[in-house]
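Overview (structure and organization)
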Amino acid sequence: MDTLRLGCAVILLVAGAAHAAGGISAADNKMLHDYALTMQKVKAYEAATENMMVAGKSDASLKAEGEKMSTEPDKTLADVRAKFAHHPRLYAFYAKQGLSMDDAMLIPLTLMSACTVAQYPQIGAKMADSVSGSQIAFCKQNMAALKAMKFFNGGGAE
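Keep in mind the model is a prediction, meaning the values are calculated, not measured.

Observations concerning the packing of helix α3 (residues 39-58) against helix α4 (residues 60-70)
Packing of α3 against α4 brings their axes to within 6 Å, and their N-to-C directions diverge by 120°. With respect to their mutual orientation, α3 and α4 come out oblique. Across the interface between the two elements, Met52, Ala55, Gly56, Lys57 and Ser58 of α3 pack against Ala60, Leu62 and Lys63 of α4.

Here it is in structure tokens:
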């Protein structure tokens with residue numbers, strides 16, 4: 001796994017682990033719960049991630065920045081947002097697709113949570129403070145398209 005993909009994966013895993021362990025604040029849970037998923041935003045996220053992976057293959061400094069990003073704290077959503085603020089070269093790929101820092105942070109986290117609940121409804125009650133019914137419906141309605149996306153399956157540019 002290249003370092004850019006690793007950086008993005010670390011953000012998702014640590015933030016997801018903090019969420020699962022109850023380490024996310026009520027304000028963070030509300031932000032996750034209230035985030036509106038759209039296929040347009042998800043496709044923009046996919047394009048940005050793919051473009052970043054391709055660029056990272058030929059740019060050692062971009063790879064180094066991804067590696068540095070992966071070592072920074074990310075226990076709260078503010079920490080994750082700060083990672084993007086501290087690494088504007090990485091965030092620029094998302095901005096170019098019209099995504100805000102919150103979009104770049106919340107799209108993968110919201111999808112991870114909502115699609116998990118969509119596939120395992122028995123955990124829905126435990127995640128009700130951070131996952132909305134509309135997010136779950138989005139995942140159910142778009143599951144085939146989401147599963148075809150590389151970032152959704154932990155992949156990147158080959």
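Looking at the packing of α3 against helix α7 (residues 101-119)
Look at α3 against α7: their axes get within 10 Å of each other, and the N-to-C directions meet at 105°. Viewed along their axes, α3 and α7 adopt a mutual orientation that is roughly perpendicular. Facing α3, whose interface residues are Lys41, Val42 and Tyr45, α7 presents Asp103, Ala104, Ile107, Pro108 and Leu111.

Concerning the side chain of Thr110
Tracing the sequence through the fold places Thr110 in helix α7. The class of Thr110 is buried, set by a relative accessible area of 2%. There is a polar contact of 2.7 Å between the side chain of Thr110 and the backbone oxygen of Leu106. Excluding its chain neighbours within four sequence positions, the residues that come into contact with Thr110 are Leu32, Tyr35, Leu37, Cys115 and Gln135.

What about the environment of His86?
Considering the arrangement of structural elements, one finds His86 in helix α5 (residues 77-86). Looking at His86, the relative accessible area reads 54%, which means it is exposed. Taking C-alpha positions, His86 is 9.7 Å from Glu72, a pair spaced 14 residues apart along the chain.

Rules used in this analysis
Residues numbered from 1 in each chain as written. Predicted model: local features only at pLDDT ≥ 70, side-chain atom pairs only at ≥ 80, totals over all residues. Heavy atoms only, no water. Axes fitted to C-alpha atoms, helices over the stretch in contact; angles between N-to-C directions. Helix = DSSP H or I, 4+ residues; strand = E, 2+ residues; numbered from the N terminus. Parallel < 35°, antiparallel > 145°, perpendicular 65-115°, else oblique. Contact = heavy atoms within 4.5 Å. Buried < 20%, exposed > 50% of the residue type's maximum accessible area, 1.4 Å probe, protein only. Polar contact = N/O pair within 3.5 Å; in protein donor to acceptor, adjacent residues only side chain to side chain.

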